[in-house]
Amino acid sequence: AVVSTQSTGELLAGTVHCFVADFSLLPVELIMNRLHLQGTRAIVDNVLDSTSVIPYQASYNNMQQCIEALVDCEGVPSLWKGCSALLLQYTARFAVVHTVRMLMKYVNKFNEKKSLVPNDSVTSFTKDK
């Protein structure tokens, strides 16, 4: 019953895979949210002064116009708004993966030590007969 170290590698690879996919699709998600918000009466927190809100009013004809307006007004790095939340989420995921890896190493070490120790009850039972 030895726990495979291959499964920890697969767990880490899956987490990295999900991070790369989420990070690369973050601009698409932002554009999608902007397109969904257009035509609604929404307010956004003013991050420069934390005591007010800004009304969000936008009207786009298509996805390309939305991207161009976003890049013109806020710059290319604004396409990755929300990246800090994504980094916090994956920091927690990597911490869980690391903890699982350490637990699996401990279980493997424990199983190896247990298999090296002879079982006295079995040997004493066979000697009695």
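Since the model is a prediction, treat every value here as computed from it, not as a measurement. (Residues numbered from 1 in each chain as written. Predicted model: local features only at pLDDT ≥ 70, side-chain atom pairs only at ≥ 80, totals over all residues. Heavy atoms only, no water.)

(A) Here's a closer look at the packing of aromatic side chains. All told, the structure shown has three aromatic pairs when counted by the stated rule. Ring geometry for F23 against W80: centres 6.3 Å apart, planes inclined by 25°, an arrangement best described as stacked. Residue F23 is found in helix α1 (residues 5-37), and its partner W80 is found in the loop between α2 (63-74) and α3 (83-116); the two are separated by 57 residues along the sequence. Taken together, F19, F23, W80 and Y90 form an aromatic cluster joined through their ring pairs. (Phe/Tyr/Trp six-rings, centres within 6.5 Å; stacked < 30°, edge-to-face > 60°. Helix = DSSP H or I, 4+ residues; strand = E, 2+ residues; numbered from the N terminus.)

(B) The arrangement of the pattern of salt bridges in detail. Under the definition given, this model contains two salt bridges. As a salt-bridge pair, R34 and E74 come within 3.3 Å of each other at their nearest N and O atoms. With R34 in helix α1 and E74 in helix α2, the pair connects residues that are 40 residues apart, well separated along the chain. E74 gets classed as partly exposed once you look at its relative accessible area, which sits at 35%. The salt bridge partner of E74 is K81, with a shortest N-O separation of 2.3 Å. Among the residues examined, K81 registers a relative accessible area of 39% and is labelled partly exposed. When salt bridges with common partners are traced through the structure, they connect R34, E74 and K81 into a single cluster. (Salt bridge = Lys/Arg side-chain N within 4 Å of Asp/Glu carboxyl O. Buried < 20%, exposed > 50% of the residue type's maximum accessible area, 1.4 Å probe, protein only.)

(C) Region of the structure containing the layout of surface pockets. Put simply, the largest pocket is a space of about 570 Å³. Lining of the largest pocket is provided by 20 residues; of these, R34, V44, Y56, E74 and K81 occupy positions nearest its centre. Sorting the residues of the lining of the largest pocket by element identifies α1, β1 (42-45), β2 (53-56) and α2 as the ones contributing at least two each. When grouped by side-chain class, the residues that make up the lining of the largest pocket number 13 nonpolar, three polar and four charged. (1 Å grid on protein atoms, 1.4 Å probe; cavity = no way out; pocket = protein on both sides within 12 Å on 5 of 7 lines; lining within 4 Å. Points joined across faces, edges and corners; volume = space filled by probe spheres on them. Nonpolar A, V, L, I, M, F, W, Y, C, P; charged D, E, K, R; others polar.)

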